[in-house]
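# Geometric and topological summary
Chain by chain, the residues:
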There are 4 protein chains.
Amino acid sequence: MSGNSFGKLFTVTTAGESHGPGLMAIVDGCPPGMPLTTADLQHDLDRRKPGTSRHTTQRQEADEVEILSGVFEGVTTGCPIGLLIRNTDQRSRDYSAIQDLFRPAHADYSYQHKYGVRDYRGGGRSSARETAMRVAAGAIAKKYLATKGIQIRGYMSQLGPITIPFQSWDEVHNNAFFSPNSGKVAELEAYMDQLRRDQDSVGAKITVIADGVMPGLGEPIFDRLDAELAHALMSINAVKGVEIGDGFACVAQRGTEHRDEMTPDGFLSNHAGGVLGGISSGQPIVAHIALKPTSSITVPGRTITASGEATDMITKGRHDPCVGIRATPIAEAMMAMVLMDHFLRQRGQNADVRVSVPVLKQL
Amino acid sequence: MSGNSFGKLFTVTTAGESHGPGLMAIVDGCPPGMPLTTADLQHDLDRRKPGTSRHTTQRQEADEVEILSGVFEGVTTGCPIGLLIRNTDQRSRDYSAIQDLFRPAHADYSYQHKYGVRDYRGGGRSSARETAMRVAAGAIAKKYLATKGIQIRGYMSQLGPITIPFQSWDEVHNNAFFSPNSGKVAELEAYMDQLRRDQDSVGAKITVIADGVMPGLGEPIFDRLDAELAHALMSINAVKGVEIGDGFACVAQRGTEHRDEMTPDGFLSNHAGGVLGGISSGQPIVAHIALKPTSSITVPGRTITASGEATDMITKGRHDPCVGIRATPIAEAMMAMVLMDHFLRQRGQNADVRVSVPVLKQL
Amino acid sequence: MSGNSFGKLFTVTTAGESHGPGLMAIVDGCPPGMPLTTADLQHDLDRRKPGTSRHTTQRQEADEVEILSGVFEGVTTGCPIGLLIRNTDQRSRDYSAIQDLFRPAHADYSYQHKYGVRDYRGGGRSSARETAMRVAAGAIAKKYLATKGIQIRGYMSQLGPITIPFQSWDEVHNNAFFSPNSGKVAELEAYMDQLRRDQDSVGAKITVIADGVMPGLGEPIFDRLDAELAHALMSINAVKGVEIGDGFACVAQRGTEHRDEMTPDGFLSNHAGGVLGGISSGQPIVAHIALKPTSSITVPGRTITASGEATDMITKGRHDPCVGIRATPIAEAMMAMVLMDHFLRQRGQNADVRVSVPVLKQL
Amino acid sequence: MSGNSFGKLFTVTTAGESHGPGLMAIVDGCPPGMPLTTADLQHDLDRRKPGTSRHTTQRQEADEVEILSGVFEGVTTGCPIGLLIRNTDQRSRDYSAIQDLFRPAHADYSYQHKYGVRDYRGGGRSSARETAMRVAAGAIAKKYLATKGIQIRGYMSQLGPITIPFQSWDEVHNNAFFSPNSGKVAELEAYMDQLRRDQDSVGAKITVIADGVMPGLGEPIFDRLDAELAHALMSINAVKGVEIGDGFACVAQRGTEHRDEMTPDGFLSNHAGGVLGGISSGQPIVAHIALKPTSSITVPGRTITASGEATDMITKGRHDPCVGIRATPIAEAMMAMVLMDHFLRQRGQNADVRVSVPVLKQL
């Protein structure tokens, strides 16, 4: 229940730093009877893994996950599932130069103020390395939700200034960007190469969509589904904004434009992004997240030392020029955790409910 | 702990519907020894109250709050504070016509699917009426945080297509829009009058800022301060997007632009919005929320009946053409709840911590 | 989630002191569609109410509960149910003499140390008055559980040195002691009358039994059903011990005696008290609680003043010479809350589970 | 928050079964800056370890714990501490004979009903094996609490019919029983040897005491310190009863006997066991637990098969004839977790409180 646990019935607790011995997660609340192997988790871990293209961090991690409990004869038992990933390629020497500095736009300064001490190697707990465990835990949720007809997929909808219109889900797997549009890939690659030459970084926007979600998920008023999704997605490193449906475009919309009218054949639009009154409506759940540009860049920047003196710094080591490129599987995992938790909560609270109104589909 | 409670140490639990006998809240975890009277709560309730200008809902509610427990001889005891507001002006007859319809873009359809039954009068629990209790509870948090030097204020930064540049905090109280810019008020009034004639509605963007927040608040990785703020703000009715700092503008920013460099005299910018690595940095915490246009408009729209047949509907009754106009105190209250909770959590976890690094201020 | 909330899916939050304006509760997570009126709650409140016999506190409280939300057209909506009981007979003047004393064996001393301030009137929040709200909330749970075939009843099994063997459930309602044995009532009355003449008090033991509980409730390892029952029951004022099944008699039992053997016709005994491995087995759930003698007695006792000086004190006012006499409905209510919460949790987690093993019954 | 997490600020989450690859724990909320090594944990793990005397289970487990995160340069960072113990001596073949039986008085039957599947090897998650992780996590709490002057120690106060009067704490470490009385050891050994020859088992009572606890810990009304201790202690396998202070002896006590009078020199007694009104009073916190006799005995017993047919069974394998012999370190660990959690909660909620009343000591 402290800050490293998420979810009320399907609870994910993680631990582990960038340069410690390993990462751990305990996934509690997965119903029993579901087949589960490490292969189910490895797929999404590999999608997230660094070192898979020239556009991402050059750290080579095997990211091989081990299941230590909660599975017997290949099937979940309902008991907590323990996951372990050993860190193997840490290169601690890269960070010794910065142990007395606060890297601008990193968590160093705020961690120092919160804890008084910090593991400075690679950002310690603040590093995106811990997201490997979220992806593994999210894969468990994804698998279960799939048995209920729910599918969660994401893609990059914008990289820096380049908007990427959706073309097809198949495209997403064909490039290193999670771009749903093949025609944009060359432009993205060129932009990234230039960015690397500039020693700079840029932000990104990721879109995550859940199809097949039954209406009724979400627990108003504080655990509304959209609020929980916002919590989950904003908890991802580097995320600075979350939208549901039309998001900030709603500000300038008129009520007559925004409302999703209903007919016996289904909804006529989905400006709401699948959530009405904090509860899923049966429409696809659509969320967008804004990721800030990576703080670890090699252009020098002004900062202070631990004793408060002015200094310049340059980040060395291995970094992502655009963290957005690896965020898609993490966003999918967080959405999966929320929907899993709320699926169980809705079932627990309201399994007695008899609904005589049909579920509308989207035209 | 079910969906109607928020916060781990400072826990707010609410109940109450639009047309029920009354609204209640239990505020648990306010430290003892703080002077508290209903006047402290009434101020913010009045700011939120309907019927205060021609631009807001014409429902006249006294919204007088009563404190039923947790205060003795004018001072908090540390025991839970019970709050009660009786509903007095409900006009239930306005809603009988719609008990067999699902109003488009309202919660009716999703509530029906979740619960099988719903209090259709005025939206029941899904109505913004319940936010009165959030404002009252948030006022308790605001008062305590003020004793720690923290001030939380909000304003409208955009109404429909009209951007409102910040001029001064004093302006915010001088008009019905919470506009921080006197020069814009006439334009906003004209726009709203036209909107009313059009029988339509529009969205809005609200900006909330917390000054004086010490560094160190937030509990990574899942209860990061920005994630909890996103949760709290997205839980407000009609909110469809949340940004921290530069939010979605970060997508197109370069790392060199985005990073807030540090000097011995302070930070040089605040693109991060006061949160680094999920922990407050000592900079002002800046959040923006996008509110969708009100679903209750009088232009007819297509929908279905409870038995699934096509029908048109018109909303009658008393409504806000722009809910954003009343959202500012609600957003302030939610931010206050989060900061209160995290102030206590940080104190509980880390009161032993000795920090030798100075707290930087913003230039 | 702070200390005044109990339960994860069925969450009860209470507020209110002995001499404040009133008591409140918010009951969150009751499934929708269940008929509910104040009469359902009043029955158990009346069983708990002071002033119903010469053997209990002479304070006369109407204890009339009002439902403020969560019920529409006589049926629960699934939204939080708000309850309110106004305090009407407080006689504050009885307590002014003790505002600078710490009554021995009361909470005064520890509350002062925890909060620095305290509402000394009648014990404030530490008074058993707040249990009225637990009983009201528990009545909601009892009603729902009854629809699932679960019945919860309690009785007094020992008063001071007098053991009360179980005779029949019908007897429990026929006397002021909740004694299940008519033959013992005269002895109990004589004992109590002597106690009153002695100006003293005595403890009691209450037994609570839940019949009809399906196997499978409880969430190992920390939220085992017996652990949650222990928590709930120990949270009742004056409780100093909790047993499940044979409890402390197990210490001297041999394994061959203790084990409840199983045959196709059912269990052969119930030493376990209905819980195996922290999960309900389908057998009656049997718990016993030990209540200490009331601290409020009129025999003088040594204590200290708020400034640390020695003094004698005598409690005046209206008190229970044996709090156990009113504890039965409170214990039933707490057991109901736990079973309700776990019924929903089990349904949420494991509704998919197919069990081919029959449910054994008790011979 | 699901059943395998305990504590609100100091949260312990565990996973792992008797015969799986290993046991894990994530300990979240330990303040930063505390020196911590595996040696700190190993001491208590060794006290709990099987195979240390002829009176306990003959399973030989190294029980070597590894710290995977949360510690940097020998000091806690405030980030979650991950613990891992590999299972090495499992002898799975011992259990294959019982996979289609329900061992009487074991969790088999209830687990099957809850989950539909179970890891039958050695009891799976229901085995006491998982308590190794509680002991490791509790050792972290113990160490921190010691820096605040709090010491937690336990001993066996009764084995079967043999009462063991307290002699000294030093004795506890000198024998295999955690007996605080050297004069009783020979009698205990003889009794145990006979029990083994009888192929039977017996229960035990353990007493745990916390000294040096400041007043003010506990969060009324539901998270009262005694209620949380009851929860924590009842969650230990085989526990069937919990007492605070005089416990069930209170039933027959008179108010004049029970109350702990106060003088300027301190309390005159401690019938309350250190908790008043659910809050620590500054007196030693005294709890007793009743452990039932082990269910795994070699005397045949009647039971049913998974298909409901009558059968006899005999447990083979390695077992404890008296689980109480190893429960002491587990009970200490659970008490430590509760006090740790409440120390942090009290500090978070009430660090502002100024108390002018002296802390009484016990005569």
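Residues numbered from 1 in each chain as written. Chains lettered and ligands numbered in written order. Predicted model: local features only at pLDDT ≥ 70, side-chain atom pairs only at ≥ 80, totals over all residues. Heavy atoms only, no water.

## Some details on the overall build of chain A
Test applied: Think of it this way: any DSSP run of H or I at least four residues long counts as a helix, any run of E at least two long counts as a strand, and we number them from the N terminus. Computation of the radius of gyration draws on C-alpha atoms, with the globule rule given as 2.2 Å multiplied by the number of residues to the power 0.38. Only protein chains enter the area calculation, which uses a 1.4 Å probe; residues under 20% of their type maximum are buried, those over 50% are exposed, and those in between are partly exposed. Working rule for contacts: check all heavy atoms of both residues, and any pair within 4.5 Å makes them a contact. Each accessible area is a Shrake-Rupley result for a 1.4 Å probe, and residues are judged covered by the shown protein chains and nothing else. We count Lys and Arg on the positive side and Asp and Glu on the negative side, and we leave His and both chain ends out. By convention, the point assigned to a charge is CZ for Arg, NZ for Lys, CD for Glu and CG for Asp.
The helix and strand inventory of chain A stands at eight helices and 18 strands. For a compact globule of 363 residues, the expected C-alpha radius of gyration is about 21 Å, and chain A comes in at 21 Å, within 12% of that figure. Dimensions along the principal axes, computed over C-alpha positions, put chain A at roughly 65 × 50 × 40 Å. Within the span of chain A, comprising 363 residues, buried residues form 72% of the whole. Long-range contacts, defined here as pairs at least 24 residues apart, represent 72% of the contacts in chain A between residues at least 6 apart. With the model as given, the accessible surface of chain A reaches about 10,100 Å², and the carbon-plus-sulfur share is 49%. Charged side chains in chain A number 37 positive and 40 negative. The centres of these two groups are separated by 2 Å.

## Observations regarding the environment of Pro31(B)
Within the secondary structure layout, Pro31(B) lies in the loop between strand S3 (22-28) and helix H1 (38-48). Residue classification places Pro31(B) among the buried positions, given a relative accessible area of 1%. Discounting residues that sit within four places of it in the chain, Pro31(B) has contacts with Thr76(B), Gly78(B), Tyr144(B), Met340(B), Leu344(B), Arg347(B), Gln349(D) and Asn350(D).

## Quick look at the interface of chain D and chain C
Using the following cut-off: What gets called buried area is simply the loss in accessible area from a 1.4 Å probe that two parts show on being joined, summed for both. Salt bridge, as applied in this entry: a Lys or Arg side-chain nitrogen positioned within 4 Å of an Asp or Glu carboxyl oxygen. In protein, a polar contact means a hydrogen-donor-capable atom and an acceptor-capable atom, both N or O and within 3.5 Å, with residues adjacent in sequence counting only if both atoms are side-chain atoms; elsewhere, any N or O pair within 3.5 Å suffices. The classification used treats Ala, Val, Leu, Ile, Met, Phe, Trp, Tyr, Cys and Pro as nonpolar, Asp, Glu, Lys and Arg as charged, and all other residues, Gly among them, as polar. Being paired, for any two strands, means DSSP has found at least two bridges between them.
Taken together, the contact between chain D and chain C spans 118 residues of the former and 118 residues of the latter. When the buried surface of chain D facing chain C is broken down by residue, Lys114(D), Phe222(D) and Lys240(D) rank first, second and third, together holding 10% of it. Here chain D and chain C share eight salt bridges between them. A salt bridge links Glu261(C) to Arg302(D), with the nearest nitrogen and oxygen atoms 3.1 Å apart. Applying the counting rule to chain D against chain C returns 62 residue pairs in polar contact (both at pLDDT 80 or more). Per-element accounting of the side of chain D that touches chain C gives the leading share, seven residues, to helix H2 (residues 108-115) of chain D. In terms of residue class, the side of chain D that touches chain C is made up of 56 nonpolar, 37 polar and 25 charged. Alignment of strand S11 (residues 239-244) of chain C against strand S11 (residues 239-244) of chain D, held across three bridges, turns out to be antiparallel. Directly across from Gly241(C), in S11(D), lies its bridge partner Glu243(D).

## What about the relation of the copies chain D and chain C?
Counted only if it meets this: The copies were overlaid by least squares, fitting only the C-alpha atoms of residues that reach a pLDDT of 70 or more in each copy.
Turning chain D through 180° and shifting it by 0.0 Å along the axis lays it on chain C, with an RMSD of 0.0 Å. Taken together, the rotation and translation describe the operation of a two-fold axis. Closest approach to the rotation axis within chain D is made by the C-alpha atom of His231(D), at a distance of 2.3 Å. Both copies present the same face, since 100% of the interface residues in chain D are matched by interface residues at the equivalent positions in chain C.

## Considering the UniProt feature "binding site: FMN" (unreviewed entry) in chain A
Threshold: UniProt positions are given in the numbering used here, feature names are shortened, and annotations may be inferred rather than shown by experiment.
As annotated in UniProt, the feature "binding site: FMN" (unreviewed entry) corresponds to Arg125(A), Ser126(A), Ser127(A), Asn237(A), Ala238(A), Gly277(A), Lys292(A), Pro293(A), Thr294(A), Ser295(A), Ser296(A) and Arg318(A) in the numbering used here. Relative to the elements of secondary structure, Lys292(A) occurs in the loop between strand S16 (285-291) and strand S17 (301-304). Ignoring anything within four residues of it in the chain, the contact list for Lys292(A) reads Ala105(A), Val202(A), Gly203(A), Ala238(A), Lys240(A), Val323(A), Cys250(B) and His258(B). A polar contact of 3.2 Å, which involves the side chain of Lys292(A), links it to the backbone oxygen of Ala105(A). Within the secondary structure, Ser295(A) sits in the loop between S16 and S17.

## Details of the interface of chain A and chain B
Listed by partner, the interface residues are 118 residues for chain A and 118 residues for chain B. Of the roughly 9,400 Å² buried at the junction of chain A and chain B (both faces included), carbon and sulfur atoms supply 61%. Ranking the residues of chain A by area buried against chain B places Lys114(A), Phe222(A) and Lys240(A) at the top, with a combined share of 10%. On inspection of chain A and its partner chain B, the count reaches eight salt bridges. The partner of Arg254(B) in a salt bridge is Asp200(A), with the nearest N and O atoms 3.3 Å apart. In this structure, the connection of chain A to chain B is made through 62 residue pairs in polar contact (both at pLDDT 80 or more). Tallying contributions element by element places helix H2 (residues 108-115) of chain A first for the side of chain A that touches chain B, with seven residues. A class-by-class count of the residues in the side of chain A that touches chain B yields 56 nonpolar, 37 polar and 25 charged.

## Structural notes on the relation of the copies chain A and chain B
When chain A is fitted to chain B, the residual RMSD is 0.0 Å, and the transformation amounts to a turn of 180° plus an axial shift of 0.0 Å. The share of interface residues of chain A whose copies in chain B are also at the interface is 100%, consistent with both copies meeting through the same surface.

## Observations regarding the pattern of salt bridges
In the structure shown here, the tally under the stated rule is 100 salt bridges over all chains. Three or more residues joined by partner-sharing salt bridges are found here, namely Lys8(A), Asp223(A), Glu228(A), Asp341(A) and Arg345(A).

## Notes on the packing of helix H3 (residues 131-147) of chain B against helix H8 (residues 324-350) of chain B
All names here are of chain B. The criterion, for reference: An axis is simply a line fitted to the C-alpha atoms; with a helix, the fit covers only the stretch in contact. Between two such axes, the angle follows the N-to-C directions and lies from 0 to 180 degrees. Roughly parallel means an angle under 35 degrees; roughly antiparallel means over 145; roughly perpendicular covers 65 to 115; every other angle is labelled oblique. The hand of a helix crossing depends on one turn: near helix anticlockwise from the far one by less than a right angle means left-handed, and clockwise means right-handed.
At a minimum axis distance of 7 Å, the contact between H3 and H8 shows a crossing angle of 45°. Between H3 and H8, the crossing angle belongs to the class labelled oblique. Here H3 runs over H8; the crossing is left-handed. Two secondary-structure elements touch here, H3 through Thr131, Arg134, Val135, Ala137, Gly138, Ala141, Lys142, Tyr144 and Leu145 and H8 through Pro329, Ile330, Glu332, Ala333, Met334, Ala336, Met337, Leu339, Met340, Phe343 and Arg347.

## Brief notes about the pairing of strand S10 (residues 204-211) of chain C
Residue and element names in this part refer to chain C. Burial runs high along S10: seven of the eight residues are buried. Two strands pair when backbone bridges link them, and strand S8 (residues 151-159) and S10 are joined in this way by eight bridges, in the antiparallel orientation. Residue pairing for S10: Arg153 is matched across the bridge by Ile209. Here seven bridges tie S10 to strand S16 (residues 285-291), and the two strands are oriented antiparallel to one another. Each bridged residue has a counterpart across the sheet, and for Ala210 the counterpart in S16 is Ile285.

## What about the side chain of His106(A)?
Mapped onto the elements, His106(A) comes out in the loop between strand S7 (81-86) and H2. Take His106(A): its relative accessible area is 13%, and that puts it in the buried class. Setting aside residues no more than four positions away along its own chain, His106(A) makes contact with Ser295(A), Ser296(A) and Leu276(B).

## Some points on the sheet that holds strand S1 (residues 5-6) of chain D
Residue and element names in this part refer to chain D. Strand order in this open sheet of five strands is S1-S2-S3-S7-S4, and the pairing throughout is antiparallel. The sheet is open, and its two borders are formed by S1 and strand S4 (65-67), each paired with just one other strand. Here helix H1 (residues 38-48) sits on the sheet and contacts S4 and strand S7 (81-86); the angle it forms with S4, its principal contact strand, is near 155°.

## Quick look at the UniProt feature "binding site: NADP(+)" (unreviewed entry) in chain A
All names here are of chain A. In the numbering used here, UniProt assigns the feature "binding site: NADP(+)" (unreviewed entry) to Arg48 and Arg54. Here Arg48 shows up in helix H1 (residues 38-48). In this view, Arg48 contacts Asp63, Ala128, Arg129, Thr131, Ala132, Val135, Arg326, Pro329 and Ile330; residues no more than four positions away in its chain are not counted.

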